[in-house]
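So the chains spell out like this:
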Amino acid sequence: MNAAGRVRIKICGMTRLADALCAVEAGVDGLGFIFSAKSPRMIALEAARAIIAQLPPLVDAVGVFVDEQPDRVAAIVRECGIGIVQLHGAESPAYCRELATLAAPCKLLKAIRIGGHTTAAEVAPYNDAVHGLLLDTYQKNVVGGTGQTFDWALIDRLDLARPFLLAGGLDADNIDEALARVRPYGVDANSGLEDAPGQKNHGLIRRFVAAVRAFETRCLASQQ
């Protein structure tokens, strides 16, 4: 949570305008558009641009890339009007610094897949290379969208120095527990809000956002 007690909400894997507008109406802060050909939620550049053009001010468009050439990422950022880049592959800190220059003033999130093997030493080099981190579930040969949570207790040993979003199997039923245990700056949901890959369930979107906002309200009330 940020200093004002607000949790940022991102919903990823957007492919349809109706889903995006539902999420906006529900009160999300950001929408993710996946440009990786390996993802079942990949969106064509033209389709992403058309949806992003209809987003209101202060709702961030997040472009998700996996081991893409920096110049191509920068070109898509400019063409689609993306405000945040999420890197979900094996991109190095040096890659992140290069892209930060090419895609400026776009902000960078680096996804870290968390498992029992993940160490603070692995994460630390990104502290001066990106604006924030996204913590997702480690699954061999899968870069995201696993639909599985990870052991949130592992986060404590990572000594994180950047704001982070919690991802990995979050849905309307487990988000309250996740927020109470982890207290992230933001949350990122995807497959847990779908009927099928890339097809969001509007009822689940509304329940998810409402659960996050209800948690915020309870936290603020406890501080008064």
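Computed from a predicted model, the values in this text were never measured in an experiment.

Draft legend 1. Expanded view of the pattern of salt bridges. Considering all chains together, one arrives at 15 salt bridges under this definition. Residues Asp-173 and Arg-207 are paired through a salt bridge, measuring 2.8 Å at the closest nitrogen-oxygen approach. Note that Asp-173 is positioned in the loop between strand E7 (164-166) and helix H6 (175-182) and Arg-207 in helix H7 (residues 202-223), a separation of 34 residues in sequence. One salt bridge connects Arg-213 with Glu-216, and the closest N-O pair in it is separated by 2.6 Å. Of the two residues, Arg-213 and Glu-216 both sit in helix H7, three residues apart, roughly one turn of that helix.

Draft legend 2. Structural context of the pairing of strand E4 (residues 84-87). On E4, burial covers both faces: Ile-84 and Gln-86 on one face and Val-85 and Leu-87 on the other are all buried. With four bridges joining them, strand E3 (residues 60-65) and E4 adopt parallel strand pairing. In the sheet register, Val-64 faces E4, and the bridge partner there is Gln-86. Bridge count for E4 against strand E5 (residues 107-114) is four bridges, and the pairing is parallel. Within E5, the position partnered with Gln-86 by the bridge is Leu-109. A crossover links E4 with its parallel partner E5, the connecting element being helix H4 (residues 93-102), and its sense is right-handed.

Draft legend 3. Fine view of helix H3 (residues 70-80). Three or more residues of H3 are buried, namely Pro-70, Val-73, Ala-74, Ile-76, Val-77 and Cys-80. Down the axis of H3, the buried side of the element spans an arc of 160 degrees, and every buried residue falls inside it. In H3, the exposed residues that point more than 90 degrees away from the buried face are Asp-71 and Arg-78. The secondary structure elements touched by the buried residues of H3 are helix H2 (45-52), E3, E4 and H4. Of the residues flanking the end of H3, it is Gly-81, one or two places downstream, whose phi is positive at about 80 degrees.

Draft legend 4. Broad picture of H7. When the terminal C-alpha atoms of H7 are compared, their 32 Å separation across 22 residues agrees well with the 32 Å that a helix rising 1.5 Å per residue should span. Three or more residues of H7 are buried, namely Ile-205, Phe-208, Val-209, Val-212, Arg-213, Phe-215, Glu-216 and Cys-219. The buried residues of H7 occupy an angular sector of 145 degrees when projected down its axis, which confines them to one face. Exposed residues on H7 whose side chains face more than 90 degrees from its buried face are Thr-217 and Ser-222. Here the buried face of H7 lies against strand E1 (8-11), helix H1 (17-26), H6, strand E8 (186-189) and strand E10 (199-200). A side-chain oxygen of the first residue of H7 lies 3.0 Å from the backbone nitrogen of Gly-203; this N-cap is Asn-201.

The rules behind the values
Residues numbered from 1 in each chain as written. Predicted model: local features only at pLDDT ≥ 70, side-chain atom pairs only at ≥ 80, totals over all residues. Heavy atoms only, no water. Salt bridge = Lys/Arg side-chain N within 4 Å of Asp/Glu carboxyl O. Helix = DSSP H or I, 4+ residues; strand = E, 2+ residues; numbered from the N terminus. Buried < 20%, exposed > 50% of the residue type's maximum accessible area, 1.4 Å probe, protein only. Pairing = 2+ DSSP bridges. Right-handed = clockwise from strand over helix to strand, strands pointing away. Arc of directions from axis to C-beta. Contact = heavy atoms within 4.5 Å. Expected span 1.5 Å × (residues − 1). Polar contact = N/O pair within 3.5 Å; in protein donor to acceptor, adjacent residues only side chain to side chain.

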